[in-house]
Structures are given as C-alpha cells and as structure tokens.
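Summary of the model geometry
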Amino acid sequence: MGHIGEMLHAYGTLDEQLREELSPLMRELTGVAMEEIAELPIDKASAVVMEQLN
C-alpha cells in the first residue's frame, strides 16, 4: 500500500463524526470527495485519487 492508500486507510479508521469534520479538508487535499470512493477497495480508491492529483 502506498502513501495514498495508507492515508485513505487511516481516514477510514476514524469515527464517523471525525470523518465528517475532515471530509472538506480531504476533498481539498485530494480533489476527491471521500464519500464518492468510500465503498471502493483501497487500491481502486487510491487510483482515483492519484488520477485526480495528476
């Protein structure tokens, strides 16, 4: 798992309230709404984020 995958995994382990509070920041950092990729496997979610960052 690369850095993006590790970040997404860590985000997924947060409690729901903290995820909601951090969601705008995560969108600003990655260009992707976490809600849009929440159900994807980590490797696919990482690919979506990497595509957006490039």
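Residues numbered from 1 in each chain as written. Predicted model: local features only at pLDDT ≥ 70, side-chain atom pairs only at ≥ 80, totals over all residues. Heavy atoms only, no water.

**Some words on the nonpolar core**
Nonpolar side chains in soluble globular proteins generally cluster together in the buried interior. I4, L8, Y11, M26, V32, M34, I37, A45 and V49 together form the largest nonpolar core, which totals nine residues. Mapped by element, the contributors of at least two residues to this core are α1 (3–12), α3 (34–37) and α4 (42–53). For this core, the element with the most residues is α1, which contributes three residues. (Core = buried A, V, L, I, M, F, W, Y, C linked by side-chain atoms within 4.5 Å. Buried < 20%, exposed > 50% of the residue type's maximum accessible area, 1.4 Å probe, protein only. Helix = DSSP H or I, 4+ residues; strand = E, 2+ residues; numbered from the N terminus.)

**Overview of the pattern of salt bridges**
The tally for this structure, following the rule as stated, stands at one salt bridge. Note that R27 is salt-bridged to E36, the shortest N-O span being 3.9 Å. On the basis of relative accessible area, E36 is assigned to the exposed category, the value being 57%. (Salt bridge = Lys/Arg side-chain N within 4 Å of Asp/Glu carboxyl O.)

**Brief notes about the confidence of the model for the protein chain**
Close reading of the predicted structure is inappropriate where its pLDDT is low. For the protein chain, the mean per-residue pLDDT works out to 93, and 100% of the residues sit at or above 70. Ranking the elements of the protein chain by mean pLDDT puts α3 last with 92 and helix α2 (residues 16–30) first with 95. (pLDDT = per-residue confidence, 0-100.)

**Let's talk about the side chain of S46**
Within the fold, S46 resides in helix α4. For S46, a relative accessible area of 13% corresponds to the buried category. With sequence-adjacent residues up to four places away left out, S46 is seen in contact with I4, G5 and L8. (Contact = heavy atoms within 4.5 Å.)

**Re the packing of α1 against α4**
Their axes nearest at 9 Å, the elements α1 and α4 cross at an angle of 115°. In this structure, α1 crosses over α4, and the sense of that crossing is right-handed. Residue-level contacts link I4, G5, L8 and H9 of α1 to I42, A45, S46, V49, M50 and L53 of α4. (Axes fitted to C-alpha atoms, helices over the stretch in contact; angles between N-to-C directions. Left-handed = near helix turned anticlockwise from the far one by under 90°.)

**Quick look at the side chain of T30**
By the element assignment, T30 lies in helix α2. On the basis of relative accessibility, which here comes to 3%, the residue T30 falls in the buried class. Of the polar contacts made by the side chain of T30, one reaches the backbone oxygen of V32; its length is 3.1 Å. When residues no more than four places from it in sequence are discounted, the contact partners of T30 are M7, V49, Q52 and L53. (Polar contact = N/O pair within 3.5 Å; in protein donor to acceptor, adjacent residues only side chain to side chain.)

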